[in-house]
Amino acid sequence: MANSKRILMICHQRLFKAWLRPGILARGLVEKGHRVTMMVVADEARFRFKRSIIDGVDVIETPDLTSGRLRSGWNPVSVWRRTRCVRRLDSDYDLIHLFETRPATIYPGLAVQRRLNVPLFIDWIDWWGRGGLIEINRPAWYRFLFERMETYYEEHFRTRADASTVMCHGLVERAVGLGVARETILHLRNGADHERFRPRAVAEVRAQLGLAPDAFIAGFASLDSFFDLEPVLRGMQQLVADGAAARLLLIGKLDARVQARVRAMGLAAHTDFSGYAPDDIYPLYLNACNVLLMPFPETNYNIGRWPNKFGEYLASGRPVIFNAVGDLRDFDMAGENAVGIACDDSAEAFTVALRRLYDSAELTERLGGNARAAALRELNWTRQFDRLDSLYGEFMEKGGTAAEAVSSIG
């Protein structure tokens, strides 16, 4: 392929997490004819490197002496070994794309860029540092040890990129505030897997999962963290108190604090907990719901991220009750195009929205159809592959600036 590029992607995440964004982008670029090498942190290995081909992507798994969540790009021995590794890679690359700027990503990336003198692209996925996710998603000891360092590495190197890709509008503005030229930033939101998440018959999946066949079920999903649930729980509490035959389905790894809160609010008899749902079962739980819930209050960590599950909700063909904050404002569609109900971040607002859908099966079905259509239209991975491919091509092949490359994509 005449325009085929040799691309080196470097990630600080373990393999299973890296596949949620960089891995999908890498696979899409391979399908377009590019040769992609992706460096990730091994899930468990402490000493040995492993190199393999996964879906056409040349994957290098690098060892780390730590374990669990600490395998996230901070270990200095891992940084040193990764830097040595990229200096010795047997391929010259046309460009480097870093996913975040933690030590295990930025230092190897800068080392290989200096050696090859090629363009450097940097991706920004979440607002992690001061004021961001670290405030709510990490224990106090982690914040004490890492918050200043997390903030430094998240912010300091952003201007080193020739061009930037970012997950959401909030991170565009934060990058601009750090001195990154707006015209060099490409807003590259995640897509949704339209095949894995697709409409299925409610009765069929409820029978398979053993859920109440006739109840109105409102669902909330999370891999392992249940943020901002209070207004949802209070909304369901009021709906049930009003006599509705409604149930709450909490999908994801069990959280003892959430279970205790459900019991304290008198919702235990009206709530189902799925527990950890394997990849093939998780979509079925979404399909078992009449409506899906996306509490998303206006906080830094929400403004600075794109919630992947929102795309999964839409692709599943179910209406969503959500707060139109951050990138979710783009889906606050009125009238015939509405994908659900955008409401305030209050128990009263969630109660009213739940009642509207509980009272109208016709409205629920129509909004669910709109949700699926919006996912197909707005959250298409193929479109994102095309846009990233265009960014690389416009920047490198036509000899233009990053600003010209980004403006040509739109």
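Residues numbered from 1 in each chain as written. Predicted model: local features only at pLDDT ≥ 70, side-chain atom pairs only at ≥ 80, totals over all residues. Heavy atoms only, no water.

(A) Geometry of the pattern of salt bridges. Scanning all chains against the criterion turns up 23 salt bridges. Note that Asp-92 is salt-bridged to Arg-115, the shortest N-O span being 3.8 Å. You can see Asp-92 sitting in the loop between α3 (76-88) and β5 (95-99) and its partner Arg-115 sitting in helix α4 (residues 103-116), a full 23 residues away along the chain. A salt bridge links Glu-362 to Arg-366; its shortest N-O distance comes to 3.8 Å. Of the two residues, Glu-362 and Arg-366 are both situated in helix α15 (residues 361-378); the distance of four residues between them amounts to about one turn of the helix. Looking at Arg-366, the relative accessible area reads 28%, which means it is partly exposed. Salt bridges sharing common partners tie together Glu-154, Glu-155 and Arg-174. (Salt bridge = Lys/Arg side-chain N within 4 Å of Asp/Glu carboxyl O. Helix = DSSP H or I, 4+ residues; strand = E, 2+ residues; numbered from the N terminus. Buried < 20%, exposed > 50% of the residue type's maximum accessible area, 1.4 Å probe, protein only.)

(B) Quick peek at the packing of aromatic side chains. Applying the stated criterion across every chain, the model contains 17 aromatic pairs. With 6.1 Å between their ring centres and 85° between their planes, Tyr-107 and Phe-157 make a pair best called edge-to-face. You can see Tyr-107 sitting in helix α4 and its partner Phe-157 sitting in the loop between α6 (140-155) and β7 (163-166), a full 50 residues away along the chain. The exposure class assigned to Tyr-107 is partly exposed, which follows from its relative accessible area of 32%. Residue Phe-157 is classed as buried on the basis of its relative accessible area, which comes to 5%. (Phe/Tyr/Trp six-rings, centres within 6.5 Å; stacked < 30°, edge-to-face > 60°.)

(C) Representation of the side chain of Thr-271 within the structure. Among the structural elements, Thr-271 can be located in strand β11 (residues 271-273). Within polar-contact distance, the side chain of Thr-271 engages the backbone oxygen of Leu-267 at 2.8 Å. Residues in contact with Thr-271, not counting those within four places in the same chain, are Arg-247, Leu-248, Leu-250 and Val-262. (Polar contact = N/O pair within 3.5 Å; in protein donor to acceptor, adjacent residues only side chain to side chain. Contact = heavy atoms within 4.5 Å.)

(D) Structural detail: the packing of α3 against α4. Between α3 and α4, the least distance of the axes is 9 Å, while the angle of their chain directions is 25°. Judged by the angle between their axes, α3 and α4 are roughly parallel. As α3 packs across α4, the resulting crossing turns out to be right-handed. Of α4, the residues touching α3 (which contributes Val-79, Arg-82, Thr-83, Val-86 and Arg-87) are Pro-103, Ala-104, Thr-105, Tyr-107, Pro-108, Ala-111, Val-112 and Arg-115. Of the residues contributing to the contact of α3 with α4, the split by class is eight nonpolar, two polar and three charged. (Axes fitted to C-alpha atoms, helices over the stretch in contact; angles between N-to-C directions. Parallel < 35°, antiparallel > 145°, perpendicular 65-115°, else oblique. Left-handed = near helix turned anticlockwise from the far one by under 90°. Nonpolar A, V, L, I, M, F, W, Y, C, P; charged D, E, K, R; others polar.)

(E) Summary view of the nonpolar core. Counting residues in each nonpolar core, the largest one holds 69 residues, and the members touching the most others are Phe-310, Leu-314, Ile-321 and Leu-354. When sequence neighbours within four positions are dropped, the list of residues in contact with Ile-321 reads Val-291, Leu-292, Leu-293, Met-294, Ile-341, Cys-343, Phe-350, Ala-353, Leu-354 and Leu-357. If you look at the next biggest cluster of nonpolar residues, it comprises 30 residues, including Val-36, Leu-186, Leu-388 and Ala-402. (Core = buried A, V, L, I, M, F, W, Y, C linked by side-chain atoms within 4.5 Å.)

(F) Local environment of α4. Taking 1.5 Å of rise per residue, the 14 residues of α4 would be expected to cover 20 Å, and the 20 Å separating its terminal C-alpha atoms lies within 8% of that figure. Counting buried positions along α4 yields 11 of 14 residues, so the element is predominantly enclosed. Buried within α4 we find Pro-103, Ala-104, Thr-105, Ile-106, Pro-108, Gly-109, Leu-110, Ala-111, Val-112, Gln-113 and Leu-116. On its buried side, α4 packs onto β1 (6-14), α3, β5, β6 (120-124) and α6. In the stretch just after α4, Asn-117 is the one whose phi turns positive, near 55°. (Expected span 1.5 Å × (residues − 1).)

(G) Summary view of the environment of Met-9. Note that Met-9 resides in strand β1. The class for Met-9 is buried, based on a relative accessible area of 0%. Considered as a pair, Met-9 and Pro-22 are 13 residues apart in the sequence and their alpha carbons are 7.6 Å apart. Setting aside residues no more than four positions away along its own chain, Met-9 makes contact with Pro-22, Leu-25, Ala-26, Leu-29, Val-36, Thr-37, Met-38, Met-39, His-97, Phe-99 and Tyr-392.

(H) Main features of the environment of Leu-284. With respect to the secondary-structure elements, Leu-284 resides in helix α11 (residues 282-287). C-alpha of Leu-284 to C-alpha of Gln-208: the two residues are 76 residues apart in sequence and 8.8 Å apart in space. When residues no more than four places from it in sequence are discounted, the contact partners of Leu-284 are Arg-200, Val-205, Gln-208 and Leu-209.

(I) Summary view of the sheet that holds strand β14 (residues 340-342). On the basis of which strands lie adjacent, the open sheet formed by six strands has the order β11-β10-β9-β12-β13-β14 and parallel pairing. Bordering the open sheet on either side are β11 and β14, each of which pairs with just one other strand. Strand after strand, the sheet turns through a mean of 20° between neighbouring axes, direction not considered. Bridge analysis of strand β9 (residues 216-221) against strand β10 (residues 246-251) gives six bridges, and the strand direction is parallel. Within β10, the residue paired with Ala-218 across the bridge is Leu-248. (Pairing = 2+ DSSP bridges.)

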